[in-house]
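Per-entry structural report
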Amino acid sequence: MAAPSIKIVDVVKTFDGDKVLDGVSLDILAGKINFIIGRSGEGKSVLMKILTGLYQPDSGSIFYGDKNLTTARTKDWNALRRKMGLLFQDGALFDSMSLGENVCFPLWFHHLASPSEARKRAKTLLGELGLAEAFFSPISSLSTGERKRVALARALIMEPEIVFFDEPTTGLDPILSSQVDELIVHAQKKTGATVIVVSHDMAATLTLADTVTLLHQGVVVFNGTPKQLSQSDEPEIKLFLSAVNLEN
Amino acid sequence: MNIAVKAVAGIGRLTLDIIFHLGRYGILTLKAVFGAFLPPWRLRGLFRQMELVGVDSLMVVILTGLFTGGVFTLQIIYGFQRFSAESMVGPTVATAMTRELGPVLTALMVTGRVGSAMAAELSAMKVTEQMDALTVMAADPVRYLLSPRIWAGTLMLPLLTAIADAVGVVGGFFVALGRGLDPGQFVGRIEDIVVMADIFNGLIKSAFFGFILTSVGCYMGYYTKGGAEGVGRSTTMAVVISYVIILVSDFMMTAIMF
Ligand SMILES: Nc1ncnc2c1ncn2[C@@H]1O[C@H](COP(=O)(O)OP(=O)(O)OP(=O)(O)O)[C@@H](O)[C@H]1O
Ligand SMILES: [Mg+2]
């Protein structure tokens, strides 16, 4: 039950002739919190989708542990996906279901818990996110921040070994943000999962990350600890940090 | 010369497009149709869709059948009376309803109600990444979303058509009474002239139409691109394409069957 490391080797992805990822190579550390930062449109979400098999890279490879998933069949991907959670940047909640059904869905779909057991687990998790009351609310009635938290709960309900969070705190107020950050750290500690977080929140990046990667113009321009990041002399990194500091 | 070249290029491109879509449609539908037989079976999803396709379309189908049978009788009865062929009104209405009007009009009505709704719902799920979310949860959207829809259409359309057939004949019956026929005249020869094959072939056609209208709706939804505009486009296309296929295939099946 050891969470795997992920190795990304020279991944290229083009959309309509526009090279979004231009040879990204990166080691994601097993059982650690890996942050990926970068400006809007640099391909962070695309990279997440490649890592979950939603997009096929044009070239390059993806390894989970020592298993090459690049050319893997759907069956192999699905075996892996049962241990994965992904929080989509826009939530991607099922709007034909209630809030609670959304969170229970993975458990219910894979018959991993009885309906009452699933509901109990979902309620506990939603309670930690301040949403215990809203179990039966329709998705359309939720605010952006509420959606984000529901999606977060849905990504975590299976206690996955690999979790991707695409901007988990964007759109949340500062208090909720820090609650969500805490929850992520807590969940990681509990399960020892490999966690990948895409974030624009530099404060969270510097405090929570075990390792930080900066994507710029389709390649990795920095990979190291938060401390190394804040001490780096690379012009691109300094620019990025100073711009972010001004924002806050 | 230049125009000729352009025309040929255009035809070539169109042909390639059609082949591309047919191939992609064929693969997707095969996966959806046969994927339904692989365990785990999800009967709940199937029943839910059967309810949406069948039960919820009842009202529309009954109205359509009733007035079609009625207006058809209204049209033919005058001519038949002139030739004292009153006893043929009932059989003619029944034959027309079971062979053609029942299956085709039911299919067209259900396309407008259900095929379009499927295309809209699935495209919305596609563009808001709900399909991707299913995929990442190792829940194959084709089997989870498409299979029950296509099977529900194929199974429910014959039932709806049977109802439309029956209601249509009843509608014709009352119109005939209103035009001075007596009940025995209308019903008397239906049994002699309408054979089981008329009804049966009509129901086979309707099963095929049910398959077409749901699978085309699913195909358009599943491959939608580009936000809200894409959703609208897919929905319209699903209806137009289903209509065309239903009408053309009806002609071909009729030519073979009857
Ligand atoms: N399915 C797609 N089709 C075409 N282009 C796409 C697709 N997905 C992403 N792109 C393009 O890839 C680029 C990177 O997008 P991506 O969503 O990965 O950015 P991001 O780094 O996550 O930005 P943000 O911080 O704003 O979320 C964008 O220019 C986007 O338009
Ligand atoms: Mg993004």
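In the block above lies the structure referred to throughout.
Numbering of residues starts from 1 in each chain and follows the order in which that chain's sequence is written. Think of it this way: whatever chain is written first is A, whatever ligand is written first is 1, and the rest follow in order. Restriction of local features to residues with pLDDT of at least 70 applies here, the model being predicted, together with a cutoff of 80 or more for giving and counting side-chain atom pairs; totals for whole chains, interfaces and linings are based on all residues. Values reported for side chains reflect all heavy atoms of the structure, with hydrogen atoms and water molecules removed beforehand.

**Re the overall build of chain A**
Think of it this way: any DSSP run of H or I at least four residues long counts as a helix, any run of E at least two long counts as a strand, and we number them from the N terminus. Helices and strands together make up the secondary structure of chain A, namely 9 helices and 10 strands. Against the globule reference of 18 Å for 248 residues, chain A gives a C-alpha radius of gyration of 18 Å, in line with a compact fold. Overall, the C-alpha framework of chain A stretches about 55 × 45 × 35 Å when taken along its three principal axes. Using a 1.4 Å probe on the protein chains alone, a residue whose accessible area is under 20% of its type maximum counts as buried, one over 50% counts as exposed, and one in between counts as partly exposed. In chain A, which comprises 248 residues, the share counted as buried stands at 54%. Two residues qualify as a contact provided that any one of their heavy atoms is within 4.5 Å of a heavy atom in the partner residue. Excluding contacts between residues fewer than 6 apart, the proportion of contacts in chain A whose partners are at least 24 apart in sequence is 67%. Positive charges are assigned to Lys and Arg, negative charges to Asp and Glu, while His and the chain termini are left out of the count. Taken as the charge centre is NZ of Lys, CZ of Arg, CG of Asp or CD of Glu, depending on the residue. Across chain A, the mean location of the 25 positive side-chain charges is 7 Å away from that of the 29 negative side-chain charges. Between the two quantities, the radius of gyration covers C-alpha atoms and the globule rule is 2.2 Å times the number of residues to the power 0.38.

**Observations concerning the interface of chain B and chain A**
Listed as interface residues are 16 residues of chain B and, on the opposing side, 22 residues of chain A. Here, a salt bridge means any Lys or Arg side-chain nitrogen found within 4 Å of an Asp or Glu carboxyl oxygen. Inspection of the chain B/chain A interface yields 1 salt bridge. In protein, a polar contact means a hydrogen-donor-capable atom and an acceptor-capable atom, both N or O and within 3.5 Å, with residues adjacent in sequence counting only if both atoms are side-chain atoms; elsewhere, any N or O pair within 3.5 Å suffices. Our count for the chain B to chain A interface comes out at 4 residue pairs in polar contact (both at pLDDT 80 or more). Sorting the residues of the side of chain B that touches chain A by element identifies α4 (89–127) and α5 (130–136) of chain B as the ones contributing at least two each. When residues of the side of chain B that touches chain A are assigned to their parent elements, the largest contribution, 6 residues, is made by α5 of chain B.

**Structural notes on unusual backbone geometry**
Located in the positive-phi region is glutamine 217 of chain A, a residue other than glycine, with phi close to 50°. Secondary-structure assignment places glutamine 217 of chain A in the loop between β9 (211–216) and β10 (219–224). Its identity is not glycine, yet glutamate 129 of chain B carries a phi of approximately 65°, on the positive side. Structurally, the position occupied by glutamate 129 of chain B is in the loop between α4 and α5. A relative accessible area of 14% places glutamate 129 of chain B in the buried class.

**What to know about the packing of α4 of chain B against helix α9 (residues 196–222) of chain B**
Residue and element names in this part refer to chain B. Across the interface, α4 lies against α9 with an axial gap of 8 Å and an inter-helix angle of 15°. The angle between the axes of α4 and α9 places the two elements in the roughly parallel class. Between α4 and α9 lies a crossing of right-handed hand. Under the convention adopted here, Pro, Cys and the residues Ala, Val, Leu, Ile, Met, Phe, Trp and Tyr are nonpolar, Asp, Glu, Lys and Arg are charged, and Gly plus all remaining residues are polar. A breakdown of the residues in the contact of α4 with α9 according to their chemical character gives 12 nonpolar, 10 polar and 5 charged. Under this scheme, a helix contributes an axis fitted over its contacting stretch, all axes are lines through C-alpha atoms, and angles between N-to-C directions fall in the 0 to 180 degree range. Roughly parallel here means an angle under 35 degrees, roughly antiparallel means over 145, roughly perpendicular means 65 to 115, and every remaining angle is called oblique. Note: crossing handedness is left-handed where the near helix turns anticlockwise from the far helix by less than a right angle, and right-handed where it turns clockwise.

**Focus: the packing of α4 of chain B against helix α10 (residues 227–257) of chain B**
All names here are of chain B. Contact geometry of α4 with α10 gives a least axis separation of 8 Å together with a crossing angle of 155°. Classified by the angle their axes make, α4 and α10 are roughly antiparallel. Relative to α10, α4 is oriented so that their crossing is right-handed. In this structure, α4 uses Glu100, Val104, Ala107, Leu108, Thr111, Gly112, Ser116, Ala119, Ala120, Ser123, Ala124 and Val127 to contact α10, whose residues at the interface are Gly227, Val231, Ser234, Thr235, Ala238, Val239, Ser242, Tyr243, Ile246, Leu247, Asp250 and Thr254. Residues belonging to the contact of α4 with α10 are distributed by class as follows: 13 nonpolar, 9 polar and 2 charged.

**As for the site of ligand 1**
All names here are of chain A. Throughout, the term near means that a residue has one or more heavy atoms lying within 4 Å of the molecule or strand in question. Contacts to ligand 1 come from 14 residues, most closely from Ser40, Gly41, Lys44, Ser45 and Gln89. Glycine 41 places a polar main-chain atom, nitrogen or oxygen, 2.8 Å from an oxygen atom of ligand 1. Serine 45 has a polar side-chain atom sitting 2.7 Å from an oxygen atom of ligand 1. Residue-level accessible areas treat just the shown protein chains as cover; the underlying method is Shrake-Rupley with a 1.4 Å probe. Isolated, ligand 1 exposes 640 Å² of accessible area, and the fraction of that covered by the protein chains is 65%. Considering each element in turn, the shell around ligand 1 owes the most residues, 3 residues, to helix α1 (residues 44–51). Residue classes in the shell around ligand 1 are distributed as 4 nonpolar, 6 polar and 4 charged.

**Topic: the sheet that holds strand β4 (residues 59–64) of chain A**
Residue and element names in this part refer to chain A. Here the rule is simple: two strands pair whenever DSSP picks up at least two bridges between them. A sheet is described by the order of its strands in space; here 4 strands give the open sequence β2-β1-β4-β5, paired in antiparallel fashion. In this open sheet, the two strands that pair with only one neighbour each are β2 (18–28) and β5 (67–68). Two elements, β4 and β5, share 2 bridges in a ladder whose sense is antiparallel. Each bridged residue has a counterpart across the sheet, and for phenylalanine 63 the counterpart in β5 is asparagine 68.

**Quick word on the coordination of the magnesium ion (ligand 2)**
All names here are of chain A. Because no water is among the atoms considered, metal sites can look incomplete, with donors defined as N, O and S atoms within 2.8 Å of the metal, or 3.2 Å for Na, K and Ca. At the metal site, the magnesium ion (ligand 2) is ligated by Ser45 (OG) and Gln89 (OE1), and these contacts range over 1.9 to 2.1 Å. Of this pair, serine 45 sits in helix α1 while glutamine 89 sits in the loop between β6 (84–87) and α3 (99–109), and the two are 44 residues apart along the sequence. Relative accessible area serves as the criterion here: at 31%, glutamine 89 is assigned to the partly exposed category.

**Considering the sheet that holds β10 of chain A**
Residues and elements named next belong to chain A. Taken in spatial order, the 6 strands of this open sheet run β6-β7-β8-β3-β9-β10, and their pairing is mixed. Edge positions in the sheet fall to β6 and β10, since each has one partner strand and no second. Across this sheet, the average inter-strand angle for adjacent strands is 15°, counted without regard to direction. Note: strand β3 (residues 33–38) against β9, 5 bridges, orientation parallel. Counterpart to phenylalanine 35 in the pairing with β9 is valine 212. Against the sheet, α1 touches β3, β6, β7 (162–166), β8 (194–198) and β9, its axis set at about 155° to β7.

Nothing here speaks to function; it is all geometry.
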